Amino acid sequence: MIQAVIFDWAGTTVDYGCFAPLDVFLEVFKKRGLEVTHAEAREPMGMLKWDHIDTMLKMERIQELWRAKYGRLPEKKDVDMLYADFEPMLFSILKNYVTPIPGVLELVARLRAAGIKIGSTTGYTAEMMAVVAPAAKKLGYWPDSMVTPSEMPAGRPLPWMCYQNAINLDVHPMKHIIKVGDTTSDVREAVAAGTWAVGVIKGGSELGMTEREVLECNPDELADRMEVVAKRFKAVGADYVIETIGELDSLIPKINLRLAQKER
């Protein structure tokens, strides 16, 4: 039976659309004379933020922009420089991006009532989560376990944060855990850890829309956008894709049945 759910933070449980880091990534590149796109900034979302910047600087178009601006390809020192700009900017706004996504508080209450433990992983450092977690708790959301990439040998897509959650929650084997998140990095993390992998679309970074934009979007256009995200999740190994986070516990009876049938 499923004994625990490990949630991502921004874009999954708080910060609808995952806009806090996005805006800062755009700004730090702009400060250095480079205009990066929303799609480029979102593509590595879910990774440790230093790794995120490093990944962006390895993108072909951004590398060419950098070469045109500075006469050479970006190096590690450039990642360090951009991250040095990124961190204080993010800290200055983080407290404004902690509102729980609709459905999260009710879902967590249902899970706890069913005896299911709540873990969490993130692309934020421990210092960043020292801002986010207490603020989110004041609004009603807190997990039983929280693990950050700065505490581990590496962040996503490697499985170490999920393993530490399993230790903290005393749950094993990993097939008794669901990992849910809003990015392909989350799904890859789940697959690497051997948990059930669930991608959530609305409220997440892959869809990249505000709650108002989702509500006001033409239904056919929204369906097309969501299908693109669903295919992206499935391509990297998602067992399930859900529209909203509040649907997650509807999967648990299905997964329990599959476990009973020795599917894993």
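Treat the numbers as computed from the prediction; the structure is a model and nothing was measured.

How each quantity is defined
Per chain, residue numbering runs from 1 following the sequence as it is written. Only residues with pLDDT of 70 or above have their local features reported here, since the model is predicted, and side-chain atom pairs are shown and tallied only from 80 upward, although totals for entire chains, interfaces and linings are computed over all residues. Each side-chain value is worked out from all heavy atoms of the structure, with water and hydrogens disregarded. Working definition: helices are DSSP H or I runs of at least four residues, strands are E runs of at least two. Numbering for both runs from the N terminus. Our radius of gyration looks at C-alpha atoms and nothing else; its globule reference is 2.2 Å times the residue count to the power 0.38. Buried, partly exposed and exposed residues are distinguished by accessible area as a fraction of the type maximum, computed with a 1.4 Å probe on protein chains only: under 20%, between the cut-offs, and over 50%, respectively. Note on contacts: a residue pair is in contact if any heavy atoms of the two residues lie within 4.5 Å. Each accessible area is a Shrake-Rupley result for a 1.4 Å probe, and residues are judged covered by the shown protein chains and nothing else. Counted as positive: Lys and Arg. Counted as negative: Asp and Glu. His and the chain ends are not counted at all. Where a charge lies is defined by one atom per residue type, namely NZ (Lys), CZ (Arg), CG (Asp) and CD (Glu). Nonpolar core, defined: a set of buried Ala, Val, Leu, Ile, Met, Phe, Trp, Tyr and Cys residues in which side-chain atoms within 4.5 Å join the residues together. DSSP-based pairing: two strands are paired if at least 2 bridges between them are found. The handedness rule is simple: strands pointing away from the viewer, and a clockwise path from the first strand over the helix to the second, make the crossover right-handed. Only the stretch in contact is used when fitting a helix axis, every axis being a line fitted to C-alpha atoms; angles between N-to-C directions are given from 0 to 180 degrees. For classification, angles of less than 35 degrees are called roughly parallel, those exceeding 145 degrees roughly antiparallel, those between 65 and 115 degrees roughly perpendicular, and all remaining angles oblique. Left-handed describes a crossing whose near helix is turned anticlockwise from the far helix by less than a right angle; the clockwise case is right-handed. All amino acids are sorted into three groups, where Ala, Val, Leu, Ile, Met, Phe, Trp, Tyr, Cys and Pro are nonpolar, Asp, Glu, Lys and Arg are charged, and the leftover types, Gly among them, are polar.

On to the overall build of the chain, then. Each helix and strand counted, the chain has 12 helices and 5 strands in total. Its C-alpha atoms give the chain a radius of gyration of 18 Å, within 12% of the compact-globule value 18 Å for 264 residues. Judged by the C-alpha coordinates and their principal axes, the chain covers about 60 × 45 × 35 Å. For the chain, the residues scored as buried account for 52% of the 264 residues in total. In the chain, of all internal contacts separated by at least 6 residues, the share reaching a separation of at least 24 is 72%. Of the roughly 11,700 Å² of accessible surface on the chain, 55% is carried by carbon and sulfur atoms. Each charge sign in the chain was given a centre, from 32 positive and 37 negative side chains, and these centres are 2 Å apart.

Ranked by size, the top nonpolar core spans 76 residues in total, and within it Phe7, Phe29 and Leu248 carry the most contacts. If one sorts the elements of this core by residue count, helix α1 (residues 20-31) sits on top with 7 residues. The contacts of Leu248, once residues within four sequence positions are left out, are Val5, Phe7, Leu107, Ile178, Val180, Val198 and Ile242. Formed by 9 residues, the second largest nonpolar core is a distinct cluster that contains Ile6, Leu169, Met174 and Ile177.

The next point concerns the pairing of strand β4 (residues 196-200). Walk down a regular strand and you will see the side chains alternate between the two sheet faces. Burial within β4 is extensive, with 5 of its 5 residues counted as buried. In β4, alternate side chains face the same way, and those of Trp196, Val198 and Val200 on one face and Ala197 and Gly199 on the other are all buried. Both strand β3 (residues 177-181) and β4 contribute to a ladder of 4 bridges, which runs parallel. Bridge assignment links Val180 to a residue of β4, and that residue is Val198. Remark: the β3/helix α9 (residues 184-193)/β4 crossover connection has right-handed handedness. Strand direction decides the pairing type here: β4 and strand β5 (residues 240-242), joined by 3 bridges, are parallel. By the bridge assignment for β5, Gly199 is matched with Val241.

A pair of packed helices is characterised by two quantities: the angle between their axes and the separation of those axes. Closest axis-to-axis distance for the helix α5 (residues 76-93)/helix α7 (residues 126-138) pair is 11 Å, and the angle between their directions is 15°. Of the possible angle classes, the one that applies to α5 and α7 is roughly parallel. Considering only the axes of α5 and α7, their crossing is left-handed. Where α5 approaches α7, its residues Tyr83, Phe86, Glu87, Leu90 and Phe91 are matched on the opposing element by Glu127, Met128 and Val131. Partitioning the contact of α5 with α7 into residue classes produces 6 nonpolar, no polar and 2 charged.

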